[in-house]
Amino acid sequence: MTDIEMAPLPAGRVELHDARRRLRRTVELEPFEIGVFAVTQEQLAELLGETAVHPRRPATDVSWLRAVRLCNAASEWEGLDPAYTFDGEEVAWHVDADGFRLPTEAEWEFACRAGSTGPHYGPLAEIAWTSADGVSSPQEVGGKLPNLHGLFDTLGNVWEWCWDLLDPARYGEYRVFRGGGFADDAWSVRAGTRRGGAPRMHHDDVGVRLARGPVGRPGAAQGWSAEADRERSDPAGPLPSGWTPLR
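Read on for an overview of the structure.

### Thoughts on the layout of surface pockets
Remark: the empty space left among the atoms is shown by a probe the size of a water molecule rolled over them. By volume, the largest pocket is sized at about 1,100 Å³. Leu16, His17, Asp18, Gly192 and Arg194 are the residues nearest the centre of the largest pocket, which is lined by 43 residues in total. Listing elements by their share of the lining of the largest pocket, those giving two or more residues are β2 (12-18), β3 (23-29), α3 (105-113), β8 (159-165), β10 (194-197), β14 (224-225) and α6 (226-232). In terms of residues, the lining of the largest pocket owes the most to one element, β2, which gives six residues. Partitioning the lining of the largest pocket into residue classes produces 15 nonpolar, nine polar and 19 charged. Reported here for the second largest pocket is a volume of approximately 390 Å³.

### Some words on the packing of aromatic side chains
Tallied over the full model, the rule gives ten aromatic pairs. Here Tyr84 and Trp163 contribute two aromatic rings whose centre-to-centre distance is 5.5 Å and whose plane-to-plane angle is 15°, an arrangement assigned as stacked. With a gap of 79 residues between them, Tyr84 in strand β5 (residues 84-87) and Trp163 in strand β8 connect regions that are remote in the sequence. Per residue, the accessibility class of Tyr84 equals that of Trp163, and both read buried. Arranged with centres 5.4 Å apart and planes meeting at 35°, the rings of Trp93 and Trp224 form a pair that is tilted. Residue Trp93 is located in strand β6 (residues 90-93), and its partner Trp224 is located in strand β14; the two are separated by 131 residues in the primary sequence.

### Considerations on helix α1 (residues 41-48)
Within α1, burial applies to Gln41, Gln43, Leu44, Ala45 and Leu47. For α1, the elements touching its buried residues are α2 (64-78). A positive phi of about 70° marks Gly49, the residue just after α1.

### A few points about the pattern of salt bridges
Inspection of every chain in the model, using the stated rule, returns 13 salt bridges. The partner of Arg66 in a salt bridge is Glu50, with the nearest N and O atoms 2.0 Å apart. Highlighted residues: Arg66 in helix α2 and Glu50 in the loop between α1 and α2, separated in sequence by 16 residues. The class of Glu50 is partly exposed, set by a relative accessible area of 38%. The closest approach of N and O atoms between Arg113 and Glu109, which form a salt bridge, is 2.9 Å. In this pair, Arg113 and Glu109 both sit in helix α3, four residues apart, roughly one turn of the helix. On the basis of relative accessibility, which here comes to 4%, the residue Glu109 falls in the buried class. One network of salt bridges, with partners in common, ties together Glu105, Glu109, Arg113, Arg178 and Arg194.

### Examining the side chain of Gln43
Within the fold, Gln43 resides in helix α1. Here the side chain of Gln43 touches Thr40 through a polar contact of 3.0 Å, landing on its backbone nitrogen. Apart from the residues lying within four places of it in its own chain, the contact partners of Gln43 are Thr2, Asp3, Ile4 and Ala38.

### Quick look at the nonpolar core
Core analysis: the largest hydrophobic core is formed by 35 residues, its most contacted members being Tyr84, Trp93 and Leu102. For this core, the elements supplying multiple residues, two or more each, are α1, α2, β6 and β8. Excluding residues that lie within four positions of it along the chain, Leu102 makes contacts with Trp64, Ala67, Val68, Cys71, Tyr84, Glu107, Trp161, Cys162, Trp163, Val208 and Ala211.

### Observations concerning the environment of Phe152
With respect to the helices, strands and loops of the structure, Phe152 is situated in the loop between α4 (124-127) and β8. Between the C-alpha atoms of Phe152 and Val141, which are eleven residues apart in sequence, the distance is 7.1 Å. The contact partners of Phe152, leaving out residues within four places of it in the chain, are Val36, Phe37, Gly142, Lys144, Leu145, Pro146 and Arg209.

### Looking at the side chain of Thr40
Take Thr40: it is sitting in the loop between β4 (32-35) and α1. Discounting chain neighbours no more than four positions away, the residues touching Thr40 are Pro55, Arg56, Arg57, Pro58, Ala59 and Val141.

Conventions adopted
Residues numbered from 1 in each chain as written. Predicted model: local features only at pLDDT ≥ 70, side-chain atom pairs only at ≥ 80, totals over all residues. Heavy atoms only, no water. 1 Å grid on protein atoms, 1.4 Å probe; cavity = no way out; pocket = protein on both sides within 12 Å on 5 of 7 lines; lining within 4 Å. Points joined across faces, edges and corners; volume = space filled by probe spheres on them. Helix = DSSP H or I, 4+ residues; strand = E, 2+ residues; numbered from the N terminus. Nonpolar A, V, L, I, M, F, W, Y, C, P; charged D, E, K, R; others polar. Phe/Tyr/Trp six-rings, centres within 6.5 Å; stacked < 30°, edge-to-face > 60°. Buried < 20%, exposed > 50% of the residue type's maximum accessible area, 1.4 Å probe, protein only. Contact = heavy atoms within 4.5 Å. Salt bridge = Lys/Arg side-chain N within 4 Å of Asp/Glu carboxyl O. Polar contact = N/O pair within 3.5 Å; in protein donor to acceptor, adjacent residues only side chain to side chain. Core = buried A, V, L, I, M, F, W, Y, C linked by side-chain atoms within 4.5 Å.

See below:
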């Protein structure tokens with residue numbers, strides 16, 4: 001299989017923003033690895049036995065559930081412990097596994113920012129494929145400048161799935177994707193922008209970047225915890241204008 005090139009990132013911290021509850025929190029991160037590029041069509045094809053039409057473009061139309069299964073397939077190929085187990089469509093993350101996995105939202109933002117504090121880690125035209133480029137599909141990975149972690153296309157080109165729930169009180173099982181895509185304008189292509197979709201949802205501008213590294217303790221790791229998910233499922237508390245609880 002074409003190698004999945006990973007970059008080791010050091011321990012660090014990142015500030016996340018919860019718009020619904022109007023909260024900001026600082027997350028302390030342990031060292032982990034993350035893909036230098038989004039998973040390509042070629043890599044997806046090799047792992048799942050499909051045909052790659054554009055081998056060096058990011059794999060898209062990948063649902064969250066398929067992305068999780070892709071992580072396990074990559075782990076099995078490399079002889080690593082799979083990070084996920086399944087009970088139907090319920091997915092459990094084994095945080096002590098050394099296999100490939102989705103980044104948490106905190107890991108993704110830390111990796112994307114690479115020490116920057118603004119919405120972009122460089123001039124957008126130089127680092128990201130966006131609507132300003134006038135392209136009609138994702139472009140080959142690595143075509144713009146990387147950030148200071150050596151990661152390409154964390155902004156623009158395709159959105160990237162994370163492990164975390166978007167806002168369970170409002171959106172139920174929707175999972176987060178980050179980074180903006182080729183058809184988005186500058187407002188959406190920012191390090192702090194959050195979007196999400198249902199686990200079975202797939203679009204032509206949503207792909208996946210793999211992470212790796214055993215971290216945390218059962219039920220909690222790198223800014224995510226099952227307990228926090230349960231708390232966020234409670235619709236009590238302030239809601240932005242126009243938002244209503246899911247139930």
